[in-house]
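Working through the structure, step by step
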Amino acid sequence: MENFEFLSPTNIIFGRDTENQVGEETKKYSSKILLHYGGGSIKKTGLYDKVIKSLKEANIDFIELSGVKPNPRLSFVYEGIELCRENDIDFILAVGGGSVIDSAKAIAMGVPYDGDVWDFYAGKATPKEVLPIGVILTIAAAGSEASRSSVITNEDGWYKVGLNCDFTRPKFAIMNPELTFTLPPYQTACGVVDIMAHVMERYFTNVPNVDLTDRLCEGTLKAVIENAPIALEEPENYNARAEIMWASTLAHNDLLSTGRIGDFASHKIEHELSALYDVAHGAGLAVIFPAWMRYVYKQNMDKFVQFAVRVWNVDFNFESPERTALEGINRMTDFFKRLGMPITLKELNIPEDKLEEMADKATKSDTFQLGNFVKLNKEDVLNILKLAR
Ligand code: NZQ
Ligand code: ZN
């Protein structure tokens with residue numbers, strides 16, 4: 001096991017009706033806030049009215065910035081920064097999913113910074129100070145509600161870049177599984193794949209003696225695999241939604257990274273798909289992850305055999321461990337298919353003549369290697385994309 005530090009300071013407020021506590025919770029930090037949300041699902045579901053009522057009861061002044069798009073954009077972050085500065089805002093409440101939360105995190109870093117907030121994403125500067133943020137989560141997926149990451153798309157060149165910064169972990173995350181009842185099946189499935197991907201990015205490590213976190217990863221995956229079909233069949237099944245929602249947080253708050261070195265190559269490759277073709281992140285991962293697995297499994301077959309046996313209940317084939325490993329990958333791919341996810345680039349309408357460009361961007365013109373389980377150069381990334389055709 002590797003040495004580690006583990007910080008997870010987000011106060012998780014989980015369960016039915018918890019959204020009504022948002023005013024009281026926010027008041028601990030501020031009385032003048034930015035209310036940040038997406039394209040309007042929160043108005044259709046009635047959540048918006050509840051949030052406004054709770055904020056007013058707690059005497060909190062707010063201004064609103066709505067319209068965050070999935071795969072959130074830098075230009076909108078700039079708008080948010082200006083709005084906060086003009087109105088002396090010192091707290092951001094994000095109501096939505098990963099896109100809204102990530103946009104809020106970027107604004108929170110940008111407000112106190114003299115330069116261009118993109119400097120942080122471009123690796124030219126490190127945030128020293130950020131505004132605190134709070135979250136009401138409406139989709140179980142990205143795990144941004146307790147993660148240190150934010151992912152923003154710069155429309156100037158269509159670069160989608162993730163930044164890790166511990167200061168941006170939200171102060172609180174209100175998580176009522178009922179708020180996810182209204183998710184369309186496609187978004188539910190995208191969320192499930194993203195959650196599984198966050199666990200698997202950590203699971204596939206070459207670090208030995210990580211039994212506890214191996215088992216935690218396997219347990220998280222199994223709970224999601226059991227509950228996802230139930231949530232798709234019965235969108236208002238509270239218990240299934242609750243299991244998936246809590247898994248979204250635990251998959252990405254770094255508990256499952258403790259003592260391990262994760263991979264994250266599949267995420268970086270997927271970000272190129274989202275950047276150029278605006279695909280939903282989870283759908284892109286359903287295509288990339290199986291291809292990545294098929295490309296790397298021979299490098300540490302034991303780990304893939306363990307994955308197949310423990311997570312997918314594959315019988316160990318004593319004559320051919322390789323067949324066991326491949327059967328695990330097949331069962332995962334079939335599961336994604338059954339959720340209604342694409343599993344090929346073709347299904348995402350991504351043409352073959354763009355693969356080279358994506359491999360080039362992902363590896364910064366072959367100057368940067370992706371992943372840790374196996375280090376991937378541009379040719380490797382291109383090969384993975386070809387396997388995903
Ligand atoms: O915009 P609205 O109208 O709210 O609609 C959203 C959006 O269209 C809708 N939705 C959300 N809650 C709903 C709902 N519709 C009905 N009922 C509800 N309760 O769902 C759509 C997708 O929302 P989005 O926030 O984009 O989804 P998600 O949480 O999957 O976030 C995706 C973004 O997070 C990034 C991804 O790259 C992508 O940009 N990620 C962020 C991470 C992080 N910060 O730690 C880690 C992840 O790996 C990921 O990269
Ligand atoms: Zn993800």
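Each value, and the rule that gives it
- Residues numbered from 1 in each chain as written.
- Chains lettered and ligands numbered in written order.
- Predicted model: local features only at pLDDT ≥ 70, side-chain atom pairs only at ≥ 80, totals over all residues.
- Heavy atoms only, no water.
- Buried < 20%, exposed > 50% of the residue type's maximum accessible area, 1.4 Å probe, protein only.
- Helix = DSSP H or I, 4+ residues; strand = E, 2+ residues; numbered from the N terminus.
- Pairing = 2+ DSSP bridges.
- Domains from an automatic or database assignment.
- Contact = heavy atoms within 4.5 Å.
- Buried area = accessible area lost by both parts, 1.4 Å probe.
- Salt bridge = Lys/Arg side-chain N within 4 Å of Asp/Glu carboxyl O.
- Polar contact = N/O pair within 3.5 Å; in protein donor to acceptor, adjacent residues only side chain to side chain.
- Nonpolar A, V, L, I, M, F, W, Y, C, P; charged D, E, K, R; others polar.
- Lys, Arg positive; Asp, Glu negative; His and termini not counted.
- Patch = residues over 30% accessible without salt bridge, like charges linked within 9 Å, V, L, I, M, F, W, Y side chains within 5 Å.
- Areas by Shrake-Rupley, 256 points an atom, 1.4 Å probe, with all protein chains shown as cover.
- Near = heavy atom within 4 Å.
- Expected span 1.5 Å × (residues − 1).
- Axes fitted to C-alpha atoms, helices over the stretch in contact; angles between N-to-C directions.
- Parallel < 35°, antiparallel > 145°, perpendicular 65-115°, else oblique.
- Left-handed = near helix turned anticlockwise from the far one by under 90°.

Right, let's talk about the pairing of strand β4 (residues 92–96) for a bit. Taking burial as the measure, the five residues of β4 include five buried ones, the bulk of the element. Burial of the side chains of β4 extends over both faces: I92, A94 and G96 are buried on one face and L93 and V95 on the other. The sheet contact formed by strand β2 (residues 32–37) and β4 spans four bridges and is parallel. If you follow L35 over to β4, its bridge partner there is L93.

Here we come to the domain arrangement of the protein. Considered domain by domain, the protein is made up of domain 1 (11–179) and domain 2 (185–387). Averaged C-alpha coordinates put domain 1 and domain 2 at centres separated by 27 Å. Contact residues are listed per partner, giving 28 residues for domain 1 and 24 residues for domain 2. On the domain 1 side of the interface with domain 2, the three residues burying the most area are A140, K160 and P177, jointly 26% of the side's total. At the boundary of domain 1 with domain 2, the tally comes to three salt bridges. In this structure, R73 and D278 form a salt bridge, with 3.3 Å as the shortest nitrogen-oxygen distance. Between the two partners, domain 1 and domain 2, sit ten residue pairs in polar contact (both at pLDDT 80 or more). Contributions of two or more residues to the side of domain 1 that touches domain 2 are made by β1 (11–14), β6 (149–154) and β7 (159–164). When its residues are assigned to classes, the side of domain 1 that touches domain 2 shows 14 nonpolar, seven polar and seven charged.

A word on the side chain of K361. Tracing the sequence through the fold places K361 in helix α14 (residues 355–362). No salt bridge is formed by the buried K361, whose closest oppositely charged neighbour, E272, lies at an N-O distance of 4.5 Å. Excluding anything up to four places from it in sequence, K361 contacts G157, W158, Y159, E272 and L276.

Our focus in this paragraph is a nonpolar patch on the surface. Residues M1, F4 and F6 make up a contiguous nonpolar surface patch of about 330 Å² in total accessible area. With respect to the helices, strands and loops of the structure, F4 is situated in the segment before β1. The exposure class of F4 is partly exposed, given its relative accessible area of 46%.

Before going further, it helps to spend a moment on the site of ligand 1. The environment of ligand 1 is made up of 31 residues, and the closest members are G39, G98, S99, D102 and S147. A distance of 2.7 Å separates an oxygen atom of ligand 1 from a polar backbone atom of G39. Separating an oxygen atom of ligand 1 from a side-chain N or O atom of H252 is a distance of 3.2 Å. Taking 960 Å² as the accessible area of ligand 1 by itself, protein coverage stands at 88%. Mapped onto the shell around ligand 1, the elements with two or more residues apiece are α5 (98–110), β6, α7 (185–203) and α10 (265–277). Taken together, the residues that form the shell around ligand 1 break down as eight nonpolar, 20 polar and three charged. Of the residues that make up the shell around ligand 1, three or more belong to each of domain 1 (11–179) and domain 2 (185–387).

Further remarks concern the pattern of salt bridges. Two side chains with opposite charge may pair up if their charged atoms get near one another. For the structure shown, the criterion picks out 19 salt bridges. Across the pair R389 and E352 runs a salt bridge, and its minimum N-O distance is 2.7 Å. Residue R389 is found in the segment after α15 (378–387), and its partner E352 is found in the loop between α13 (321–338) and α14; the two are separated by 37 residues along the sequence. Taking the relative accessible area as the measure of exposure, R389 reaches 42% and is therefore partly exposed. Classification of E352 by relative accessible area gives exposed; the value is 52%. For the salt bridge of K378 with D360, the shortest nitrogen-to-oxygen distance reads 3.2 Å. Of this pair, K378 sits in helix α15 while D360 sits in helix α14, placing them 18 residues apart in sequence. When its relative accessible area of 17% is taken as the criterion, K378 is described as buried. For D360, a relative accessible area of 24% puts it in the partly exposed group. Residues participating in the shared-partner salt-bridge network are R148, D166, R169, R202 and D254.

With the exception of glycine, most residues fall at negative phi, and the peptide bonds are largely trans. Here N313, not a glycine, exhibits a phi torsion of approximately 55°, which is positive. Phi at N349 takes a positive value of approximately 60°, unusual for a residue other than glycine. Topologically, N349 is positioned in the loop between α13 and α14. According to the relative accessible area criterion, N349 is exposed, its value standing at 64%.

Over its 19 residues, α7 extends 27 Å from the first C-alpha to the last, a length consistent with the 27 Å expected when each residue adds 1.5 Å. Counting buried positions along α7 yields 16 of 19 residues, so the element is predominantly enclosed.

Here we come to α10. In a regular helix each residue adds 1.5 Å, so 13 residues correspond to 18 Å; α10 covers 19 Å between its end C-alpha atoms and thus fits that length. Buried residues along α10 sit against β6, β7, α7, α11 (281–296), α14 and α15. Count one or two residues on from α10 and you reach D278, which has phi positive near 55°.

Running from amino to carboxyl end, α14 crosses α15 at an angle of 140°, the nearest separation of the two axes being 9 Å. In this view, α14 runs oblique relative to α15, as classed from their interaxial angle. In this structure, the crossing between α14 and α15 has a hand that is right-handed. Note on element contacts: α15 touches α14 through K378, V381, L382, L385 and K386, opposite L355, E356, M358, A359, D360 and A362. Across the contact of α14 with α15, the residue classes break down as seven nonpolar, no polar and four charged.

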